Amino acid sequence: MFSPRERDFLAILARDAAEDHLMQRGLVETFPNPVYRRKLLWGIRNKAARAAADWDLYSRAARADSRILPGAALSQAPPLFADPLVTVLGGVRRLLKPNRSRSVPGNDAPRVGGR
């Protein structure tokens, strides 16, 4: 949800929250431009405000159905399901697809380089 720079900004805030002077010093050292700091803070607040309703909806749905909760090992790709029609059409496509390794009838000469 947050950009890498926004994450860096939030990490400094979270790390140095106990010591206000350390937080300010860390922010100033990492983000010396005050206009850029305000812009980052503004972007973080806007993203969080827009996402709050979505996270509330997600948490209510997770309480109702645990299948949407992340598992111990998250997969990077969505799960794939084999639709019977897709399986049949894939087989037909493989049969109809020209096979480049077959020689052209009447041409018994071996291929030299290229396709």
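The following paragraphs examine the structure supplied in this document. (Residues numbered from 1 in each chain as written. Predicted model: local features only at pLDDT ≥ 70, side-chain atom pairs only at ≥ 80, totals over all residues. Heavy atoms only, no water.)

Let's shift gears to helix 3 (residues 34-64). The terminal C-alpha atoms of helix 3, which comprises 31 residues, lie 44 Å apart, in line with the 45 Å expected from a rise of 1.5 Å per residue. Taking the largest bend as the criterion, helix 3 deviates by roughly 35 degrees, centred on Ala51. Here helix 3 has its buried residues at Arg37, Leu40, Gly43, Ile44, Ala51 and Ala62. The backbone nitrogen of Val35 lies 2.9 Å from a side-chain oxygen of the residue at the head of helix 3, namely Asn33. (Helix = DSSP H or I, 4+ residues; strand = E, 2+ residues; numbered from the N terminus. Expected span 1.5 Å × (residues − 1). Bend = angle between axes of the 7 residues up to and from the residue. Buried < 20%, exposed > 50% of the residue type's maximum accessible area, 1.4 Å probe, protein only. Polar contact = N/O pair within 3.5 Å; in protein donor to acceptor, adjacent residues only side chain to side chain.)

What follows covers the pattern of salt bridges. All chains considered together, the criterion is met by 4 salt bridges. A salt bridge links Arg5 to Asp8; the nearest nitrogen and oxygen atoms lie 3.6 Å apart. Highlighted residues: Arg5 and Asp8, both in helix 1 (residues 4-15), separated by 3 residues, approximately one helical turn. Taking the relative accessible area as the measure of exposure, Asp8 reaches 36% and is therefore partly exposed. In this structure, Asp56 engages Arg60 in a salt bridge whose closest nitrogen and oxygen atoms are separated by 3.4 Å. (Salt bridge = Lys/Arg side-chain N within 4 Å of Asp/Glu carboxyl O.)

What follows is about the packing of helix 1 against helix 3. Running from amino to carboxyl end, helix 1 crosses helix 3 at an angle of 95 degrees, the nearest separation of the two axes being 10 Å. Comparing the axis directions of helix 1 and helix 3 gives the class roughly perpendicular. Taking contact as the criterion, the partners of Arg5, Glu6, Phe9 and Leu10 in helix 1 are, on helix 3, Tyr36, Arg37, Leu40, Leu41, Gly43, Ile44 and Lys47. (Axes fitted to C-alpha atoms, helices over the stretch in contact; angles between N-to-C directions. Parallel < 35°, antiparallel > 145°, perpendicular 65-115°, else oblique. Contact = heavy atoms within 4.5 Å.)

This next bit is on the packing of aromatic side chains. Any aromatic ring pair is given by two values, namely how distant the centres are and how the planes are angled relative to each other. One pass over the structure, following the stated rule, counts 3 aromatic pairs. On the basis of an interplanar angle of 85 degrees and a centroid distance of 5.6 Å, the ring pair of Trp55 and Tyr58 is categorised as edge-to-face. With Trp55 and Tyr58 both in helix 3, this residue pair falls 3 residues apart, about one helical turn. The exposure class assigned to Trp55 is exposed, which follows from its relative accessible area of 53%. Here the aromatic cluster, defined as three or more aromatic residues joined through ring pairs, consists of Phe9, Phe31 and Tyr36. (Phe/Tyr/Trp six-rings, centres within 6.5 Å; stacked < 30°, edge-to-face > 60°.)

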